[in-house]
Amino acid sequence: MEATVTTANSEEKTWGGGNEPMKASYGKLMMWFFIVSDALTFSGFLAAYGFSRFKFIETWPLADEVFTHFPFMHGVSAPMYYVALMTFILIFSSVTMVLAVDAGHQMKKNKVVIYMFLTIIGGMIFVGSQAWEWKNFIKGEYGAVETKGGSLLQFVDKEGHRVALADFATTLPEEREQLSRSKGSWFMSESSLPAYSVAEVQAGFKAHPDLLIRTEVITKDKQKTILSRKDSELRLTQASLVVEGANLTHNEYGSKLFADFFFFITGFHGFHVFSGIIINIIIFFNVLLGTYEKRGSYEMVEKVGLYWHFVDLVWVFVFTFFYLV
Amino acid sequence: MSHEHVSNTKRIWTVFGLLSIITIVEVIFGIIKPASLYMNSFMAMSLLNWLFIILTLVKAYYIVWAFMHMEGEKSTLKNAVVLPVIFLVLYLLFILLTEGNYIYEVFKNSTIKWNF
């Protein structure tokens, strides 16, 4: 009997809790493993984005043509500057968060308060920026036409610059009323109608002989294909839908999946930032009330810090795969 | 525990500087798109994209190691967190990107025109 009994460590309660084989507290460890699972969720989303992109590699929208807005610079094409700014804001709020954790280690309550406050402000600015980005994405800039087969036609002038529908579409004496539930014969409605009908776009295109059509297909020099005037006129006869801006079923930028993934992945990330702000606010008030001062440890700040850095980490990847690659 | 109670503010600011520089470099490359990198590809992806991905991984390393203070944790914790993520992400990417490319080839080479 004695031969089978382990005598080593018999004094320690191995399964009773309290010992830390990884030298991290239970809460911190669980935060790490939550982050692992959340990281895998985001990886799944981004890998699915990669899948769809590889599937439609020849027709995928070029990101620097989509995200070109910068606040107070209307009409100026400024690709990427705005997202770069957003990245800076988030990295900076990560820095203030880690400074708060650092001050917590030294039990400096006032410093923790200041840095937590800055982190919350940074997060709010980021979410606000993302809302602005979404607004521009949903509103669109030029408008496009979708064919019966589901591919997208955009309009360019002789130099290859994009032309907005509003700049050439004519107004025909036709009326098309939006179907709403109150007018439908059954409980039917439809989404808001675009400003121009297909016929108006076609008539406007005919009246402007210098306009050409740009298709989704990417050429060898990584530009979108521009058709000749003759081919353009032919392609436009297949138009079935005017698309302005973006929603989950149609968007003026190109592949429908592009907008879906944009909304889903940046939306899910934005939701993480939002919940991070809420958690930060709760911890901020706890710090103010002196909860952690009484507890003798600011580890809670460290735990939310881990979450906040993770949100920043995800954004670094979203930035790369949506805006750069 | 890994709490050495000395302030490592200096390191935090150094890492912030580094992350900012990498982001600025990425944006500059993204705007000028040098043809030598943009037009040549390695394993079905342009060299520029490889550069972006490598720089992103460098940024991720610094965020996890410096900001999340992974460098101060025990190696069992490091391995338990990092290895499953790396393995599963590589696995997932391999499967999905190969499959995506395969479907692209099928669409491209099929006699039925699917997007017109």
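Residues numbered from 1 in each chain as written. Chains lettered and ligands numbered in written order. Predicted model: local features only at pLDDT ≥ 70, side-chain atom pairs only at ≥ 80, totals over all residues.

### Some thoughts on the overall build of chain B
Link 1 in the chain: Summing up its helical and strand segments, chain B has four helices and two strands in all.
Link 2 in the chain: Traced from its N-terminal end to its C-terminal end, chain B shows the element sequence α-α-β-β-α-α.
Link 3 in the chain: Taken over the C-alpha trace, chain B has a radius of gyration of 20 Å; the compact-globule value for 116 residues is 13 Å, which it surpasses by more than 25%.
Link 4 in the chain: With the C-alpha coordinates aligned to their principal axes, the bounding extent of chain B is approximately 70 × 35 × 25 Å.
Link 5 in the chain: Here chain B, with 116 residues, has 19% of them falling under the buried criterion.
Link 6 in the chain: Expressed as a percentage of contacts within chain B between residues at least 6 apart in sequence, the contacts between residues at least 24 apart total 48%. (Helix = DSSP H or I, 4+ residues; strand = E, 2+ residues; numbered from the N terminus. Rg over C-alpha atoms; globule rule 2.2 N^0.38 Å. Buried ≥ 20, exposed ≤ 12 C-beta atoms within 10 Å, placed from the backbone. Contact = placed C-beta atoms within 7 Å.)

### Brief notes about the sheet that holds strand β1 (residues 144-147) of chain A
All names here are of chain A.
Link 1 in the chain: Reading across the sheet, the five strands line up as β4-β3-β2-β1-β5 and stay open at both edges, with antiparallel pairing between neighbours. Bordering the open sheet on either side are β4 (224-226) and β5 (239-243), each of which pairs with just one other strand. Recorded for the sheet is a direction-independent mean angle of 35° between the axes of neighbouring strands.
Link 2 in the chain: Relative to β4, strand β3 (residues 212-218) runs antiparallel, the two sharing two bridges. Each bridged residue has a counterpart across the sheet, and for I218 the counterpart in β4 is K224.
Link 3 in the chain: Against the sheet, helix α5 (residues 198-207) engages β1 and β5, with an angle of about 95° to β5.
Link 4 in the chain: The strands touched by helix α6 (residues 229-236) within the sheet are β2 (152-156), β3 and β5, with β3 carrying the most contacts at an inclination of about 80°. (Pairing = 2+ DSSP bridges. Axes fitted to C-alpha atoms, helices over the stretch in contact; angles between N-to-C directions.)

### Digging into the interface of chain B and chain A
Link 1 in the chain: Taken together, the contact pairs 47 residues of chain B with 46 residues of chain A.
Link 2 in the chain: Elements supplying a minimum of two residues to the side of chain B that touches chain A: α1 (9-32), α3 (47-67) and α4 (75-109) of chain B.
Link 3 in the chain: Among the elements that take part in the side of chain B that touches chain A, α4 of chain B stands out by supplying 16 residues, more than any other.
Link 4 in the chain: Grouping the constituent residues of the side of chain B that touches chain A by class yields 27 nonpolar, 15 polar and five charged. (Nonpolar A, V, L, I, M, F, W, Y, C, P; charged D, E, K, R; others polar.)

### Notes on unusual backbone geometry
Link 1 in the chain: The phi dihedral of K222 of chain A falls on the positive side, at around 55°, and the residue is not glycine.
Link 2 in the chain: Tracing the backbone shows K222 of chain A in the loop between β3 and β4.
Link 3 in the chain: Unlike most non-glycine residues, K33 of chain B shows phi in positive territory, near 45°.
Link 4 in the chain: Looking at where K33 of chain B falls in the secondary structure, it is placed in the loop between α1 and α2 (35-38).
Link 5 in the chain: On the basis of neighbour count, K33 of chain B is assigned to the partly exposed category, with 14 C-beta atoms found within 10 Å.

### Quick notes on the domain arrangement of chain B
Link 1 in the chain: Domain boundaries in chain B define domain 1 (1-73) and domain 2 (74-116).
Link 2 in the chain: For domain 1 of chain B versus domain 2 of chain B, the distance between C-alpha centres works out to 23 Å. (Domains from an automatic or database assignment.)

### Some words on α1 of chain B
Link 1 in the chain: In a regular helix each residue adds 1.5 Å, so 24 residues correspond to 34 Å; α1 of chain B covers 35 Å between its end C-alpha atoms and thus fits that length.
Link 2 in the chain: Among all positions in α1 of chain B, only V15, F16, L19, T23, E26, V27 and G30 of chain B are buried.
Link 3 in the chain: For α1 of chain B, the elements touching its buried residues are α2 (63-66), α3 (81-105) and α9 (299-324) of chain A together with α3 of chain B. (Expected span 1.5 Å × (residues − 1).)

### Overview of the nonpolar core
When a protein is soluble and globular, its nonpolar side chains tend to lie buried together.
Residue and element names in this part refer to chain A.
Link 1 in the chain: Core analysis: the biggest nonpolar cluster contains 77 residues, and V83, A100, V112, M116 and V301 have the highest contact counts within it.
Link 2 in the chain: Top element by residues in this core is α9. It accounts for 17 residues.
Link 3 in the chain: Sequence-distant contacts of A100, defined by excluding residues within four places in its chain, comprise V112, Y115, M116, T119, V301 and G305. (Core = buried A, V, L, I, M, F, W, Y, C linked by C-beta atoms within 7 Å.)

### Examining the environment of M97 of chain A
Residues and elements named next belong to chain A.
Link 1 in the chain: Within the secondary structure layout, M97 lies in helix α3.
Link 2 in the chain: Here the alpha-carbon distance between M97 and G305, two residues 208 residues apart in the chain, equals 6.0 Å.
Link 3 in the chain: In this structure M97 touches T119, G305, W308 and H309, once residues within four positions along its chain are discounted.

### Structural notes on the packing of helix α7 (residues 256-289) of chain A against α9 of chain A
All names here are of chain A.
Link 1 in the chain: Where α7 meets α9, the closest approach of the two axes is 10 Å, and the angle between their N-to-C directions is 160°. Considering their axes alone, α7 and α9 lie roughly antiparallel with respect to each other. Taken as a pair, α7 and α9 cross one another with a handedness that is left-handed. Facing F262, I265, T266, H269, H272, V273, G276, I279, N280, I283, N286 and V287 of α7, the residues of α9 in contact are M300, V301, V304, Y307, W308, V311, V314, W315, V318 and F322.
Link 2 in the chain: A breakdown of the residues in the contact of α7 with α9 according to their chemical character gives 16 nonpolar, six polar and no charged. (Parallel < 35°, antiparallel > 145°, perpendicular 65-115°, else oblique. Left-handed = near helix turned anticlockwise from the far one by under 90°.)

### Quick word on the packing of helix α1 (residues 26-55) of chain A against α7 of chain A
All names here are of chain A.
Link 1 in the chain: Direction vectors running N to C along α1 and α7 enclose 170°, while the axes themselves pass 11 Å from each other. By the angle class used here, α1 and α7 are roughly antiparallel. Two secondary-structure elements touch here, α1 through F45, L46, Y49 and S52 and α7 through L257, F261, F264, I265 and F268.
Link 2 in the chain: Taken together, the residues that form the contact of α1 with α7 break down as eight nonpolar, one polar and no charged.

### Observations regarding the confidence of the model for chain B
Link 1 in the chain: Of the residues in chain B, 91% have a pLDDT of 70 or more, and the chain-wide mean is 88.
Link 2 in the chain: Reported for the predicted complex are a pTM of 0.88 and an ipTM of 0.90. (pLDDT = per-residue confidence, 0-100.)

### Side note on the environment of L288 of chain A
Link 1 in the chain: Counting through the fold element by element, L288 of chain A comes out in helix α7.
Link 2 in the chain: Counting along the chain gives 176 residues from L288 of chain A to V112 of chain A, while the straight-line C-alpha distance between them is 9.1 Å.

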